[in-house]
Structures are given as structure tokens and as C-alpha cells.
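The lines below spell out each chain.
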Amino acid sequence: MLARPKKLQSDLGGKTLSEEEASVLDIEADWETCSESARAALDTVPREAIDELKRMGRPPAAVKLTFEAALVALGYNEPAWKDSVKFLSSAASVGISGKLREFNPRSTTPAMLRKMKPFVSSFSVEQVRRSSLAASCVAAWVHAVYDFGLAQEKSMSNYAFFR
């Protein structure tokens, strides 16, 4: 039988943390790091850019894939462009940033990451930027979510391995 995790000293007022608690704090710090620039970019997306995206009947592939990946992260099962247009319409009042800030990074699951992988591996933020500046901001968020989810998954599997 393996020993229980050792306690670790944190810099949170001398509180003692288990390895699992410390790992969770590291993951949350990673989310802040991964998402900070993406969220800042999302804050710059003007309403006119959202309206332009909604009017795209046949968006460029990188734009379409970006929004499908974002919707997968937000819990949509099989998103299509029409779902993206609905999302953009609902985001018009609070902005894309407001809608995506509601995302809980702890909600990422291995199944979600498997669904996101084909989208994320199909485009870079720079490729999306060539088609739409507004969509590239969402692409940065999508990549941050995906990278964070991978880090979270790796951290949890490492913790389970050592338990």
C-alpha cells in the first residue's frame, strides 16, 4: 500500500496543503496564465465584428472550426455554424468576452478534449486572424481552454499514478 501524500507548505499564510490541493492551485494558476491574453483580446472585439460574423452565411473554414471548438468547450454536443450564429446573437448584449468568461475551466473533461482536438489541430490563431480578427480572439481562447484541459488531465493522471 502506498503512503498518503505528504503535506506541502504553501505561501498562503503558512497553510499546509496536500499534493492534490497544491496541484489544483497550480492548474488554476495555469488557467489564469493561459487565458489572460485571450480574455484581454476578447475584450477588444467590437459589436460590429460580432454582427459581421453573424452575417457570414458560409464562413471561412478556420472561422467555422473556431466557433465549433468554442461551442464544444461550452458543452454543445455536435455544434454547427447555425449554433455559432445563435451564440453570437446571445453574446451581442454582453459581448463574446462576457459569454466566454462564464466558462468554468474545471469543466474540461477528457471526452471534451477528444472532441476539441480535431478542431484545435486544424487551425492556429494566426490562420484564423487572416479570415477574421474577431474570430482570432475566440481562437486564442479555444487554444487556451484546450491547453489548460491537457495540463489539468496530465496533472490529475500524475496524481492518480502516485496515489
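Overview of the structure. (Residues numbered from 1 in each chain as written. Predicted model: local features only at pLDDT ≥ 70, side-chain atom pairs only at ≥ 80, totals over all residues. Heavy atoms only, no water.)

For the rest of this paragraph, the subject is the overall build of the protein chain. Within the protein chain, the secondary structure is distributed over eight helices and two strands. The order of α-helices and β-strands along the protein chain, N terminus first, is β-β-α-α-α-α-α-α-α-α. Contacts in the protein chain between residues far apart in sequence, at least 24 positions, make up 66% of those at least 6 positions apart. Entry remark: accessible area of the protein chain is about 9,400 Å², with carbon and sulfur atoms responsible for 54%. (Helix = DSSP H or I, 4+ residues; strand = E, 2+ residues; numbered from the N terminus. Contact = heavy atoms within 4.5 Å. Areas by Shrake-Rupley, 256 points an atom, 1.4 Å probe, with all protein chains shown as cover.)

A separate point is the packing of helix H2 (residues 47-55) against helix H4 (residues 81-91). Their axes nearest at 9 Å, the elements H2 and H4 cross at an angle of 155°. On the basis of the axis angle, H2 is roughly antiparallel to H4. Note on packing geometry: the crossing formed by H2 with H4 is left-handed. On H4, the residues that touch Ile-50, Leu-53 and Lys-54 of H2 are Trp-81, Val-85, Leu-88, Ser-89 and Ala-91. Among the residues forming the contact of H2 with H4, the class breakdown is six nonpolar, one polar and one charged. (Axes fitted to C-alpha atoms, helices over the stretch in contact; angles between N-to-C directions. Parallel < 35°, antiparallel > 145°, perpendicular 65-115°, else oblique. Left-handed = near helix turned anticlockwise from the far one by under 90°. Nonpolar A, V, L, I, M, F, W, Y, C, P; charged D, E, K, R; others polar.)

What follows covers H2. Within H2 the residues assigned to the buried category are Ala-49, Ile-50 and Leu-53. Buried residues of H2, viewed axially, fall in a sector of 100°; they line one side. Opposite the buried face of H2, at more than 90 degrees from it, the exposed residues are Glu-48 and Arg-55. (Buried < 20%, exposed > 50% of the residue type's maximum accessible area, 1.4 Å probe, protein only. Arc of directions from axis to C-beta.)

Moving on: the packing of aromatic side chains. On inspection of all chains with the given rule, the structure shows two aromatic pairs. When the ring of Phe-67 is compared with that of Trp-81, the centres are 6.0 Å apart and the planes differ by 80°; the resulting orientation is edge-to-face. Residue Phe-67 is found in helix H3 (residues 61-73), and its partner Trp-81 is found in helix H4; the two are separated by 14 residues along the sequence. Accessibility classification places Phe-67 together with Trp-81 in one group, the buried group. For the pair Phe-103 and Trp-141, a centre-to-centre distance of 5.3 Å together with 80° between the ring planes defines the contact as edge-to-face. With Phe-103 in the loop between helix H5 (95-101) and helix H6 (110-120) and Trp-141 in helix H8 (residues 133-162), this residue pair connects regions lying 38 residues apart in the sequence. Comparing Phe-103 with Trp-141, the two get one shared label, buried. (Phe/Tyr/Trp six-rings, centres within 6.5 Å; stacked < 30°, edge-to-face > 60°.)

Across all of its chains, the model carries three salt bridges by this definition. A salt bridge links Lys-54 to Asp-51; its shortest N-O distance comes to 3.5 Å. Here Lys-54 and its partner Asp-51 are both found in helix H2, three residues apart, which amounts to about one turn of the helix. Note that Lys-64 and Glu-68 form a salt bridge whose closest N and O atoms lie 2.6 Å from each other. Of this pair, Lys-64 and Glu-68 both sit in helix H3, four residues apart, roughly one helical turn. For Lys-64, a relative accessible area of 33% corresponds to the partly exposed category. Take Glu-68: its relative accessible area is 5%, and that puts it in the buried class. (Salt bridge = Lys/Arg side-chain N within 4 Å of Asp/Glu carboxyl O.)

Positionally, Ser-132 belongs in the loop between helix H7 (125-131) and H8. A polar contact is formed between the side chain of Ser-132 and the backbone nitrogen of Ala-134, at a distance of 3.4 Å. Apart from the residues lying within four places of it in its own chain, the contact partners of Ser-132 are Leu-53 and Val-63. (Polar contact = N/O pair within 3.5 Å; in protein donor to acceptor, adjacent residues only side chain to side chain.)

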